[in-house]
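# Observations on the three-dimensional arrangement
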Amino acid sequence: MRHLRLPVTATRLGMVGEQVVRAFWPLWTVVFLVLAPLMMGWHDFASVAVFRAAGLLAAVSVLAALVWGVRRFQMPSRAQALARVDASLPGRPIAAIADRQVIGTGDAASEAVWHAHVDRMMARTRDARAVEPDLRIADRDPYGLRFIALLFFVTALLFGSLLRVGSVGDMPTGGGQTLASGPVWEGWVEPPAYTGKPSIYLNDVPAGDLRVPTGSKVTLRLYGEVGALSVAETVSGRTQDAGATSEAEQSFAINQSGGLAIDGENGIRWAISAIEDTPPEVILTGPVEADAMGEMSQPFTALDDYGVETGTATITLDLAAVDRRHGLATDPDPIDPLVLDLPMPFTGDRSDFDEFLIENLSQHPLANLPVTLQLSVIDAAGQTATTPAEPMNLPGRRFFQPFAKAVIEQRRDLMWSRANAPRINQILRAISHRPEGLFSNETTYLRLRTIIRRMDAMAELGMNDEGQAEIVQALWDLAIQLEDGRLADARERLRRAQERLAEAMRDGASDEEIAELMQELREATNDYMRMLAEQAEPSDGTDQADNSQNTMEMSQDELQALMDRIEELMQEGRMAEAAELMEQLNQMMENMRVTQGEGGDGPQTPGQQSMQDLAETLRDQEDLSDDAFRDLQDQFNPGQQNDGQQPGQNQPGQQGQDGQQPGQEGQQGQGQGVGESGQQGQQDDNGAGGSGTLADRQRALRDELQRQRDGLPSLDGEAGDIARQSLERAEGAMEGAEDALRNGDLGEAIDRQAEAMDALRNGMRELGQAMAENQAQPGQGTEQGAAQGRPAPGQRDPLGRQMGNTGQLGTDQELLGREEINRRAEELLGEIRRRSAEQERPEIERDYLRRLLDQF
């Protein structure tokens, strides 16, 4: 059976390997344990006695392990290998072939069966393969000593050298004798860590030129008789602390080019060239840019041979360039320079990179004032580079609403100098003396009066830093509210957006401001049209023919094209044509209305009923706040009747016009249909007038809000939790207002009522968001779907868009272009980079932002 030679031979070799591993594993374990300290060079530091004792112990251990292995090693025979191969085959065919027939010999039939059996076994032997050896010795080494020895050996390979084993023969034999081969030495050059360059083993470097970075550390070790070798160097620049040149171990830094030599037997000399670390560079690559909200963007480039470590931007007031008029005529209080951290790349090379310094400094005292900008970067060696002072006006948010602009100017003057406080107080009093037409609602007027009262109180005791910061923040919040407005409905927000855009046309706004205002107009228009769509119910189709004659339908694309054309004309400076198109858009939106449906209102869901109840509570709270404000005026002006209407107070019969109160959209007719041109009808004002004292009315409102909170629908998600918390804060503010009214403190009561109204508005907004989220989830919205039904195929919303497949108003089509998506993604990435570079943010947040950047 020649075909069995190869499997049997390979199996026998495997069995020999088994015997070697099982017999000699203690030997190579001891050898690894002996080689590891020798490769690490421990014998260079050990005394001769310790070295001899360790050597004797190692020799005995190796000899014992060798004898133990030889005694247990048994050479496998060919028969053993053949038996192992036979055992791996089914039926042991090799042994079967070697058998002889005993029973039935001479019987032809029996012999035929036997020969068939032998032939079958012969065929099975052709499937024979070599048997893998079993090299497992865990039963012989239960403590894993072989792995410990292997770990020591691998560690020595990584951090040591096999060449050091050869120096064992050079160890002294006693009596202070020196090495027979003469004195030896070792040396390393370690470049600074920030260079990223590896260490240099001087024993492997031939004599001649050697270039290393400045600041590299040289370490030399001299072995043998003291004085046999000495070091001569001119690279460290040492004069006094040079030390003896023949010391056994020396260390110094390379600070300049020069020579390094080891004199004596087996000496060597190098010409060291110190590579200087060049200072970093930073360059402003473009002018500063700003958007309409005051966010600045300053591009810059930073360079360094090994990489920039950190950088700062210093913004300093340019007092000589300030227009010293009005509030700026006063000598300014000390304003410390503003220092910002420059954004640095988290990944990639820092030796040459471009970045943007992006900050919004609209609230800083230097905003919109002449300043100088200087960028500074530092490399790992501590070298600094600074750009020349760049004069500029520090970008900040611009305000277009006239009253907001006046408030921001007074805020700037107060930050400029506290000495302006009396002048600012007088100006604010003059503004609020005749408030008719200046304030869009009562809340802004009350905020201004609160600021004036706080300034009066501070004038008596003197304004400190905390008081100044309080007034500055209050003026900023008031200006933002005046500019953006806490508008009651989408129609009022649309009107304000149109007014701001018209103001920008007259003032000659920049392209960035025009783009920002046009985006605000688009959002306001979309919100207003969405409000019309939400109030429109699916029609049964019976009145389509009648309405089609008087209805003008405009698609979303046509409306978008009209606003794009307005923006294009403004950017080209053709303000007259832009104003004409703007007037056409205003008239179109002014004539848009919602018609009354012929059918009755459908059943309301609990969420819709809650929104309606909260809207009524908010309106009643506003009426109560108006009455409290009138009583407060009567206290200061007894017997004087108000000839004019207070800000935010509606005349009878005007409720439901463009100035309707917040939350009143829930009171619009529930059976309203599609939007069409016409005149919007009036609604009656169901105010909270009533009888009883102000405190009793406030108590009744609080009890009603408590009832509404208990009846809120169960809504999941963050928005639902925020809505409940906001309504809880509103109830607490109402309780505070009730206590103040009972104590006769009308000013405190009005403040608490304002807090309650703000909390109510926020709660209604979050409640609507929570209802929308729960309706959008699978399995949610069954209740509303049953009441409203599914849209008919081909049905369109007031913008002329096809209904989505989900039955929601709007469209399932992607309205955001690819360029807009890419631009938005770039903005988000830039914002993440900016925040991750802010050192004052918590480390856990910055680490999260860095991991976000790593993914993109």
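Residues numbered from 1 in each chain as written. Predicted model: local features only at pLDDT ≥ 70, side-chain atom pairs only at ≥ 80, totals over all residues. Heavy atoms only, no water.

Tallying each qualifying case throughout the model produces 34 salt bridges. Salt-bridge contacts for Glu359 lead to Arg834; the nearest nitrogen and oxygen are separated by 3.7 Å. A residue pair is termed long-range when its members are at least 10 positions apart, and Glu359 in strand E14 (residues 352-360) and Arg834 in helix H21 (residues 818-836) qualify at 475 residues. Glu359 sits in the buried class, given a relative accessible area of 13%. Assessed through its relative accessible area of 15%, Arg834 is described here as buried. (Salt bridge = Lys/Arg side-chain N within 4 Å of Asp/Glu carboxyl O. Helix = DSSP H or I, 4+ residues; strand = E, 2+ residues; numbered from the N terminus. Buried < 20%, exposed > 50% of the residue type's maximum accessible area, 1.4 Å probe, protein only.)

Leu428 and Leu760 are the most contacted members of the largest nonpolar core, which totals 59 residues. Counting only elements with at least two residues in this core, the list comes to helix H7 (402-416), helix H8 (421-433), helix H9 (442-461), helix H10 (465-484), helix H16 (606-636), helix H17 (694-710), helix H18 (718-742) and helix H19 (746-776). It is H19 that contributes the most residues to this core, 11 residues altogether. The contacts of Leu760, once residues within four sequence positions are left out, are Leu614, Thr617, Leu618, Leu705, Leu727, Ala730 and Met734. (Core = buried A, V, L, I, M, F, W, Y, C linked by side-chain atoms within 4.5 Å. Contact = heavy atoms within 4.5 Å.)

Where like charges cluster on the molecular surface, the positive patch consists of Arg2, Arg5, Arg12 and Arg78. Tracing the backbone shows Arg78 in helix H3 (residues 78-87). We classify Arg78 as partly exposed; its relative accessible area is 44%. (Patch = residues over 30% accessible without salt bridge, like charges linked within 9 Å, V, L, I, M, F, W, Y side chains within 5 Å. Areas by Shrake-Rupley, 256 points an atom, 1.4 Å probe, with all protein chains shown as cover. Lys, Arg positive; Asp, Glu negative; His and termini not counted. Charge placed at Lys NZ, Arg CZ, Asp CG, Glu CD.)

This part is about the confidence of the model for the chain. Looking at the chain as a whole, its pLDDT mean stands at 76, while 78% of the residues score no less than 70. Predicted confidence is poor over residues 534-551, with pLDDT under 50, and the contacts of this stretch with residues over four places away or in other chains come to 20 contacts. Note on residues 778-815: pLDDT is under 50 here. Beyond four places in sequence and across chains, it has 60 contacts. (pLDDT = per-residue confidence, 0-100.)

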